[in-house]
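A structural walkthrough
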Amino acid sequence: MKNLSDKDLMMVNGGAVKIGAIVGIAAGITFIIGLIDGLFRPLKCN
């Protein structure tokens, strides 16, 4: 096993979830829920 120096540790990427990915997943889930709700429970526009 190789011990990493502080410089090497600062260059390690990965494992973090980006805020854009969270927003995209939340938007997709909201869209799917709205689509299913609209299909099963259509409401008239006032």
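The preceding data block contains the structure.
Summary of the structure given here. (Residues numbered from 1 in each chain as written. Predicted model: local features only at pLDDT ≥ 70, side-chain atom pairs only at ≥ 80, totals over all residues. Heavy atoms only, no water.)

**A few points about the overall build of the chain**
Each helix and strand counted, the chain has 2 helices and 0 strands in total. Considering only C-alpha atoms, the chain reaches an extent of 65 × 20 × 5 Å along its principal axes. Across the 46 residues that make up the chain, the buried fraction comes to 0%. Only carbon and sulfur atoms are counted for the fraction: they give 68% of the accessible area of the chain, which is about 4,800 Å². (Helix = DSSP H or I, 4+ residues; strand = E, 2+ residues; numbered from the N terminus. Buried < 20%, exposed > 50% of the residue type's maximum accessible area, 1.4 Å probe, protein only. Areas by Shrake-Rupley, 256 points an atom, 1.4 Å probe, with all protein chains shown as cover.)

**Focus: a nonpolar patch on the surface**
Taken together, the side chains of Phe31, Ile32, Leu35, Ile36, Leu39 and Phe40 make up a nonpolar region of the molecular surface, amounting to roughly 690 Å² of accessible area. Counting through the fold element by element, Phe31 comes out in helix 2 (residues 19–40). (Patch = residues over 30% accessible without salt bridge, like charges linked within 9 Å, V, L, I, M, F, W, Y side chains within 5 Å. Salt bridge = Lys/Arg side-chain N within 4 Å of Asp/Glu carboxyl O.)

**What to know about the pattern of salt bridges**
Any two side chains of opposite charge can pair, on the condition that their charged atoms come close. For the structure shown, the criterion picks out 1 salt bridge. Here Asp37 ties to Arg41 by a salt bridge, and the two come within 3.0 Å at their closest N and O atoms. Overall, the relative accessible area of 35% leaves Asp37 in the partly exposed class. The partly exposed category is assigned to Arg41, whose relative accessible area is 48%.

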